[in-house]
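# Coordinate inspection notes
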Amino acid sequence: TNSLSWIGRPFPGFFVMANRVVPSISLPDWPDPSAIFQCEILAVENEFVRSSQDVYAQVARYPIDAPIRYLLRDWHGQVKTAVFRSRQFTRSDYAFLFGSMLLTGAVFIITGLFVFWLKPEQAASFGLLASGLVTGIFGTTAVDLYGPHWFFRLHTLGEAMLAPGFIHLALVFPTDRIRRHHRFVLLCLYVPFLALGGFYEAVLYQPPTYSLVHLIATVAQGFSGACIIAAVAYDLFTTRSPLVRRRLAVVALGTISGFVVPTMLMTGSGLLGGTIAVNSAAL
């Protein structure tokens, strides 16, 4: 309901999170905001702001398509200015941005729960459940990031746990590679990322540190996608069974089409300081 309220509203041509950081989110017909991704907004038209609501309120004072000047500080501490023309958030913006996030999140949750319900005793089912739930939380709460920020902390926790969820899946699917050592291996996998998630929560409103942790989590997500692709490819080319190879070929097709682009986007955005928009990964 909150996300639907964006339709028809003026906005800067980019979004602002609760900590006044510009997320790495954009659409092709928006002005290119990549130069200010992960920057903290300090002022709008020389008026200092204390919250994202202040930013949106300042923008709403001007007509649509008005050039508005922003004072920003990047995560390296450098202060700069940028001018963007305000826009009206349209129904197509909603469909391609919020709609894709909500759909992706819902599909991952439903798939994880359904497969686990069918075969709860399978290690692969548990791995799919773990990855499905964290992806679902990450995707569905993403639509709240830009206001009113009710689930900001839950979203960042899901972001931190996305990588171990998919690494977990790669360890048990298509082949269970950890067999009798599940508890030990999964403990070693999840504990460091839980620590990262705890640190993430602690620095959520410290923009430079927040952006650094966000970039680390984003690179880790790209790595986890590479793990899934590598696991499926390895099993496809090493199996001796024609039947298994035929089944894995179908899995490989889905894996490559579903994970290659998000893996490249997440890795590239993380390594390049968040300058690449990552929302198309949902599509």
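The structure contained in this document is the topic of the report that follows. (Residues numbered from 1 in each chain as written. Predicted model: local features only at pLDDT ≥ 70, side-chain atom pairs only at ≥ 80, totals over all residues. Heavy atoms only, no water.)

To continue, consider the overall build of the chain. The secondary structure content of the chain amounts to seven helices and six strands. Its helices and strands in sequence order give the chain the pattern β-β-β-α-β-β-β-α-α-α-α-α-α, from N to C terminus. Computed over its C-alpha atoms, the radius of gyration of the chain comes to 20 Å, within 12% of the 19 Å expected for a compact globule of 283 residues. Expressed along its principal axes, the backbone C-alpha trace of the chain runs to roughly 65 × 35 × 30 Å. (Helix = DSSP H or I, 4+ residues; strand = E, 2+ residues; numbered from the N terminus. Rg over C-alpha atoms; globule rule 2.2 N^0.38 Å.)

Bringing the pairing of strand S4 (residues 67–73) into the picture now. The alternating pattern of S4 places Ile68, Tyr70 and Leu72 on a buried face, while none of Pro67, Arg69, Leu71 and Arg73, on the opposite face, is buried. Direction of pairing for strand S2 (residues 40–44) relative to S4: antiparallel, over a ladder of four bridges. When the bridges of S4 are listed, Val44 appears paired with Tyr70. Strand direction decides the pairing type here: S4 and strand S5 (residues 79–85), joined by seven bridges, are antiparallel. Along S5, the bridge assignment pairs Leu71 with Thr81. Between S4 and S5, which pair antiparallel one after the other, the connecting turn spans five residues, and Gly77 there sits at a positive phi close to 100°. (Buried < 20%, exposed > 50% of the residue type's maximum accessible area, 1.4 Å probe, protein only. Pairing = 2+ DSSP bridges.)

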